[in-house]
Every structure is written in C-alpha cells, then in structure tokens.
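Residues per chain, in single letters:
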Amino acid sequence: MENSSAPAPVDPALLPEIARRRTFAIVSHPDAGKTTLTEKFLLYGGAVHLAGSVTARRNQRATTSDWMELEKKRGISISSTVLQFDYHGFRVNLLDTPGHSDFSEDTYRVLTAVDAAVMVIDAAKGIENQTRKLFEVCRQRGVPIFTFINKLDRPSREPLDLLDELEDVLGIAAYPMNWPLGTGLDFRGVWDRRTRMAHIYEPTAHGIHRAPVTNVELSDPVIRDLLSEAAYEALLEEVELLDGAGTHFDAAAVATGRQTPVYFGSALNNFGVQPLLDGFLEHSCAPGPRRSGAVLVQPHQDAFTGFVFKIQANMDPRHRDRIAFVRVVSGKFTRDMTVTVSRTGERTRLSNSAKVFGRDRETVDEAYPGDVVGIVGNSRFVIGDTLTEDPSIRFDEIPRFTPECFSYLENTDTATFKRFRDGMDQLLQEGVVQRFERPDASRQRQLIGAVGPLQFEIVQYRLESEYGAAPRVSPAPWTVARWVEPAAAAPALQLPRDCCLVRDDHGRPVALFDSEWSFRFFRDRNPEVSLGGPPFRHGEPADYHENR
C-alpha cells in the first residue's frame, strides 16, 4: 500500500526541537566495547565527569549504563538503559543495549525506538555473529548505521581488510571518515579525511578523563617521530590509496542504510571517541515518522503520540515501582496530560513522568519527538502500547520472539509464595521470559520459555535479590514452540509422545517439541492446523506459516 501522511494539524513550534534531537542505540557482539563506548560518549557529552569502566579497579565506580547489581558483578549489560544528555546544541538520547544473544529480544525492542545505530566492531575479530544479526535487524527497519572499529590500541587486523569485510559480509558500502595512525602499540590517533588533520592523543590513567589531543598535518615531523618507520610508510600508502579510490561520502545513502560511515579508535583510551560523536551528530538524521496502519505519523504533527517499547521494574531498590519507557513519536509531551491507550481505548493521565539516567531519575515536564520518557507506576501498560491524543492512531505492534529453551521455575519456600508470584508477574510484564501453563501444573512450579538460557539465571537472581523469593530452576526438554491455529482444534490434536500442549498467558494453545522428528510427526498427523510464532496481544497473528 502506498505511503501517505496522516491528515493531522501541524505545529511549526515543534520543528526546532525535533531538528536538534538524535536518538540512537549502540549495538555489538559481546566484549567488542559497546558499554565502554557508551560511557565515553557520556564523558565527552559532559554527562559524567569520570568515565566508569567494566575493567576499572574496585575502588572506581561502575558504568553509568550498567545499573543492575548482576551487571556490575558480571561486567556485562543485561538490560537496556536510556541515557540523555545535551551536547553542542543537540539533545542526545542514547539507548544502551545488551550485547549477549540471549537478550536479543530486548535489543530488538530498543531498535524499534531509535533513528540510527552505532555498530561497534572489535578490530582484532572483525564482524562476529551477534553483530551480523543486529545489523540485519537494522537493515530490515531501514535504520542508518555508523560503524566504530574499536580496540586499535591492541593487535588488530589490517584496516583495509576490515573495510572489505564490512562490504563483503554485510553488503553495505563502507566509507572511512578517518584513518588510524598506526595500530597496536603503534596506535597514536586518527587522521580526519575531511579536514586533512591528524589527531594525536595522549592516554590518561584508566581512561577516566578526556584524552589530551594535538592536531597537526599529516606531513608534520611529529607523526614520523611517533610512529615506527614501517607504520609511517604504511600510513602514507593507505592514505594515498583511499584518496585514489574514487569513493565519496553519500549522505542520502547513509540515511537509507546503504552506506556506513566508518570511524576508528580505542574507546578504552578515549582515542577517536570525540570525532565519532561529532561526526554522528552531524551526519545522522532527526527523528522521523512512524507507521500506523496505512499512514505515516509525522513528528511535527500537533497531536502527541508515543509507544511503550520497554518496561522495567525495581530500577530503584528503595521502591518497588515499575517504569514504562515511551518513545515520543509526534507532538509535545507534557506532564499530567491525558492520553488514550489504543489497545484498550482507556483514557489515562501521565502524571508521574521521569527522565532516567542509569538508576537515577528526574521529573520530566515536557518532551519532544525522539525523546524517551519514563512513566512510573502505571501497571496497565504493556510493551507495544500506543499512547495518543488522537484515538485513530495505533502504531504497528512490537512482535515477541519465539522461545528456544525452556525451564521449570519452582518456589521452594511456601512462606515466600506471594513474593514469588508478584515477582513473576512483574518480570513477565517486562518481557524477560514467557510463561506457559500445563494442565497438570501447580502454582508453585511454573514453565517458562526464553530466547536464551542466561535469561533463566537472571529471573532466578532477580526473584531472590529484588523480591526475597526462593526460586529453583530446573531444565525442561523442549526446544521448539509453535502457536496453534485455530485454537478450537487443540483438543483433537494427535500428539507425538514427546510433544506437550500448553497454553500461554492469554490462554492460546502452544505445542512444544523436543526434536525435529517430533515436529514433523505433529505436522503430518495434524494437517488441518497452522503453526506459527507468538500472536500479537490483540489476537492478530504475528507471523503464521502453514505447517511451518
């Protein structure tokens, strides 16, 4: 169907606020340096005065974006975090995401709420599995991608090889915006291809301060003195090769995801971080429209609209509250405004609104397209909800991922059952796992499914630490889940021995299989039913494929 704009009034006063917004996520394979780069953006953006690091000493603080205790203990990002700061006239909304593949569903939801992404690549390893998967998600959504090739201060692959890999493996044109001055122990800074100036950095203790920088021309003797003879000769050859390649920076291709600007550096040492931040803000786009059925809701439309892309409980251990993160799509958000929840048609007042910075929060009185607002305490919102002043608008829903592993979660202490039950209800609202009910199940022992097994560990830890429950996790044998359509056919199905028919939290039948053989047996014996992924909450199938 052809795109069209919603016939809604336009507010010209919104335009300057929209123009200065930038909302993006940082994505990578685990250990490529994503969380470190997030912290360094905050340092250069003036949002923090000392950058935390997952490799910092114990007496130094943890990273701002990793607020959960388990994140600090394990040195990994488990939950998505929303951070906002002002920099050079821009209002920057930075969404940090988990890198581990077990949390890919949370990352996917975040990518529905951004206008661009920074992809971090380890210079020694190149493109890794999770990087490739996240790139494909960005490509499917048309999200512009900026690339940061990180860890140039360590032994790494040749920069030209890394550029070739970007183009060959990901199928995207790569344009280097700068070039490394040496690599490994020889790495001293970057050369800016547009200004023709070299930025030479000095490391700081633990990288907690901005790196002092000296700007010189490439022909300056100081560069020859800093680099080994072989590194200097290689640099001159590579610069000449780049200049003669005939490729050029194409802003339109970047905006449509066909070209990625590439920056080099070391996030840990703060080498090349500021050129990346400055270049991203200059070349990325302001917030764009979002689809509602057959129309595109433009950000400058007068009516406020937004959607819930994340729910998080217990970010502040002093309060057992719940925050729904809302991406503003159009209009102006004002605290205490009344909106319609499109899923239910209910009217609700958005009174307790906050800006979240790691674990800290601050009251928000107004917000504009591109901003992310935390609505505290409203238990009726679910992920994917549209909040709008125009009831005709309902944004396309955010699909659930199909679980690939299953476990039983059992409460071992009857005295803490209420805590166990309340905690599970909260975590299910966050979308951490999905719950399924067997006909013979007890309330003390629940069957849960997830994209990856690490999520079960997170659920167990949070039930213990945040709710005081006493859960025990034991594995379940199934590896495949398919929703059954039509639901009325479920009682008459012929099931293989190792298949289990359960129901999800909405009462819809789901067939669980432990092998491909079991799945094929079911398909052959029950040709009258369709099998597919999780349906949307209001009943429309997300992705049904006949006998898939």
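Because the structure is predicted, anything quoted here is derived from the model rather than measured.

Draft legend 1. Focus on the overall build of the protein. Each helix and strand in the protein was counted, giving 13 helices and 33 strands. Split into buried and exposed, the 548 residues of the protein put 56% on the buried side. Long-range contacts, defined here as pairs at least 24 residues apart, represent 70% of the contacts in the protein between residues at least 6 apart. As presented, the protein carries roughly 22900 Å² of accessible surface, and 49% of it is formed by carbon and sulfur atoms.

Draft legend 2. The packing of aromatic side chains, seen in detail. Scanning the model with the defined rule gives 19 aromatic pairs in all. Every member of this aromatic cluster is reached through a ring pair, and the members are Phe24, Phe41, Phe146 and Phe280. Positioned over the ring face of Tyr408 is Arg445, at 3.9 Å from the centre of the ring.

Draft legend 3. Quick look at the sheet that holds strand E11 (residues 213-217). As summarised here, the arrangement of the four strands in space is E8-E9-E10-E11, forming an open sheet in which the pairing is antiparallel. Looking at which strands have only one partner, the edges of the open sheet turn out to be strand E8 (178-181) and E11. The sheet shows a mean angle of 25° between the axes of neighbouring strands, taken without regard to direction. Inspection of the sheet shows strand E10 (residues 197-201) paired to E11 by five bridges, in the antiparallel sense. Each residue of the ladder has a partner; that of Ile200, found in E11, is Thr214. Contacts from helix H8 (residues 229-244) reach E8 and strand E9 (189-192), with the element oriented near 170° to E8.

Draft legend 4. The arrangement of the confidence of the model for the protein in detail. Averaged over all residues, the pLDDT of the protein is 88; the fraction at 70 or higher stands at 89%. In the predicted structure, residues 1-6 sits below a pLDDT of 50 and forms 13 contacts with residues beyond four places in sequence or in another chain. The model gives residues 538-548 a pLDDT under 50, and that stretch makes 33 contacts with residues more than four places away or in other chains.

Draft legend 5. Summary view of the state of the cysteines. Applying the stated criterion across every chain, the model contains zero disulfides. A disulfide-free cysteine, Cys499 has its sulfur positioned 7.0 Å from the sulfur of Cys500, the nearest such atom.

Draft legend 6. Representation of the environment of Leu531 in the model. The topology assignment puts Leu531 in strand E32 (residues 530-532). In this structure the C-alpha to C-alpha distance between Leu531 and Glu485, which are 46 residues apart in sequence, comes to 6.4 Å.

Draft legend 7. Molecular detail of the sheet that holds strand E24 (residues 386-388). With antiparallel pairing, the eight strands of this open sheet are ordered in space as E19-E18-E24-E15-E16-E23-E20-E21. Looking at strand neighbours, the two that pair on one side only are strand E19 (346-350) and strand E21 (360-363), the edges of this open sheet. Within the sheet, the average angular offset between the axes of one strand and its neighbour, ignoring direction, is 40°. Note that strand E18 (residues 337-341) and E19 share five bridges and pair antiparallel. Residue pairing for E19: Thr338 is matched across the bridge by Arg349.

Draft legend 8. Representation of helix H4 (residues 104-111) within the structure. The buried fraction of H4 is high, at eight of eight residues. Listing the buried residues of H4 in full gives Ser104, Glu105, Asp106, Thr107, Tyr108, Arg109, Val110 and Leu111. Next to the buried residues of H4 lie strand E2 (21-28), strand E4 (90-96), helix H5 (129-141), strand E15 (305-313) and helix H11 (417-430).

Draft legend 9. Summary view of the pairing of strand E20 (residues 353-357). Most of E20 sits out of view: four of its five residues are buried. Here E20 pairs with strand E23 (residues 372-376) via two bridges, running antiparallel. Residue pairing for E23: Ala354 is matched across the bridge by Gly374. Pairing geometry for E20 and E21, over four bridges, is antiparallel. When the bridges of E21 are listed, Lys355 appears paired with Glu362.

Draft legend 10. Up close: the nonpolar core. Judged by nonpolar contacts, the single largest core of 112 residues is most densely connected at Leu37, Phe41, Phe309 and Phe333. Beyond its immediate stretch of four places on either side in the chain, Phe309 contacts Val82, Leu95, Arg109, Val110, Thr112, Ala113, Phe325, Val326, Arg327, Val372, Ile383 and Ile398.

Draft legend 11. Structural context of the pattern of salt bridges. Under the definition given, this model contains 30 salt bridges. Residue Arg196 pairs with Asp243 through a salt bridge whose shortest N-O separation is 2.8 Å. Taken together, the residues Arg196 in the loop between E9 and E10 and Asp243 in helix H8 connect sequence positions 47 residues apart. A residue is classified by how much of its surface remains accessible, and Arg196, at 38% relative accessible area, is partly exposed.

Draft legend 12. Expanded view of the side chain of Gln84. With respect to the secondary-structure elements, Gln84 resides in strand E3 (residues 81-87). Note on Gln84: relative accessible area 12%, which makes it buried. Side chain to side chain, Gln84 and Asn93 meet in a polar contact 2.7 Å long. For Gln84, the side chain forms a polar contact with the side chain of Asp371, separated by 3.5 Å. Setting aside chain neighbours within four positions, we find Gln84 in contact with Arg91, Val92, Asn93, Lys355, Phe357 and Asp371.

Basis of the calculations
Sequence order as written defines residue numbering, which begins from 1 separately in each chain. Thresholds applied to this predicted model are a pLDDT of at least 70 for local features of residues and 80 or more for the giving and counting of side-chain atom pairs; totals over whole chains, interfaces and linings are not thresholded and use all residues. Excluding hydrogens and water, the side-chain values take into account all heavy atoms of the structure. A run of H or I in DSSP becomes a helix once it reaches four residues, and a run of E becomes a strand once it reaches two; helices and strands are each numbered from the N terminus. Using a 1.4 Å probe on the protein chains alone, a residue whose accessible area is under 20% of its type maximum counts as buried, one over 50% counts as exposed, and one in between counts as partly exposed. Contacts are residue-level and defined by heavy atoms, with any inter-residue pair within 4.5 Å sufficient. Residue burial considers only the protein chains on display, and all accessible areas are found by Shrake-Rupley using a 1.4 Å probe. Classification of ring pairs rests on two measures: the distance between centres of Phe, Tyr or Trp rings, Trp counted by its six-membered ring, which must be within 6.5 Å, and the angle between planes, read as stacked under 30 degrees, edge-to-face over 60 and tilted in between. Two limits define a charge over a ring: the Lys NZ or Arg CZ must be within 6 Å of the ring centre, and within 35 degrees of the ring normal. Strand pairing is defined by DSSP finding a minimum of two bridges between the two strands. Angles shown run from 0 to 180 degrees and are taken between the N-to-C directions of axes, each axis being a line fitted to C-alpha atoms and, for helices, limited to the stretch in contact. Known as pLDDT, the predictor's confidence for each residue is given on a scale from 0 to 100. The term disulfide is used for any two cysteine sulfur atoms that are within 2.5 Å. Here, nonpolar core refers to any group of buried Ala, Val, Leu, Ile, Met, Phe, Trp, Tyr and Cys residues whose side-chain atoms link them within 4.5 Å. Salt bridges, as used here, are contacts in which a Lys or Arg side-chain nitrogen is within 4 Å of a carboxyl oxygen on Asp or Glu. Pairs of N or O atoms within 3.5 Å make up the polar contacts considered here, provided that, within protein, one atom can donate a hydrogen while the other can accept it, and that residues adjacent in sequence are counted only when both atoms are side-chain atoms.

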